[in-house]
Amino acid sequence: MLNNTNTDNKLIILLNAAGVIAAYVLLIVSLYKSTDVPLATKGYWGIAILMLTISLVNFVKYLFDLKLNNDRIRQLEEAKNEKLLEEFVTEVKED
C-alpha cells in the first residue's frame, strides 16, 4: 500500500529534500563566513536549528500516523458494512 507512490510524489519528495539540503548548506556557509558573530552564538543557533528540524520531523510523522490510523479505521468500517450488507442480501434471497 505504501509502496504504490506515483512518480509525481517521488519528484516532490526529491525536490523538497534538495531544498532542505540547500537551506542547510547555505545556513552553514552563512554561519561560517560571518565574522561578527561569536562562535558560542553560532553553536547556539546550530543547536536551535537542529532541534527545530527534529521537532518538525516528529510533527510530520505523528500527522502521518494519525492519517494512517484513520484510514485503517475507515477501511475496517467499510469491510464491516460490506459484510453486513452481503449477509442481508443472502438472507433476503433465501426467503
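Higher on the page you've got the structure.
Participant: Explain the environment of M51 to me, using residue names and the numbers behind them.
Facilitator: Secondary-structure assignment places M51 in helix α2 (residues 39-94). C-alpha separation for the pair M51 and R72, spaced 21 residues apart in sequence, amounts to 31 Å.

Participant: Please set out the pattern of salt bridges residue by residue, giving values where relevant.
Facilitator: Evaluation of the coordinates by the stated rule reveals five salt bridges. Taken together, the salt bridges that share partners define one network made up of K67, D71, R74 and E78.

Participant: Before we move on, could you go through a nonpolar patch on the surface and cite the residues and values that matter?
Facilitator: Taken together, the side chains of F59, V60, L63 and F64 present a nonpolar region at the surface, about 400 Å² in accessible area. Here V60 shows up in helix α2. You can call V60 partly exposed: its relative accessible area is 40%.

So, how was this worked out
- Residues numbered from 1 in each chain as written.
- Predicted model: local features only at pLDDT ≥ 70, side-chain atom pairs only at ≥ 80, totals over all residues.
- Heavy atoms only, no water.
- Helix = DSSP H or I, 4+ residues; strand = E, 2+ residues; numbered from the N terminus.
- Salt bridge = Lys/Arg side-chain N within 4 Å of Asp/Glu carboxyl O.
- Patch = residues over 30% accessible without salt bridge, like charges linked within 9 Å, V, L, I, M, F, W, Y side chains within 5 Å.
- Areas by Shrake-Rupley, 256 points an atom, 1.4 Å probe, with all protein chains shown as cover.
- Buried < 20%, exposed > 50% of the residue type's maximum accessible area, 1.4 Å probe, protein only.

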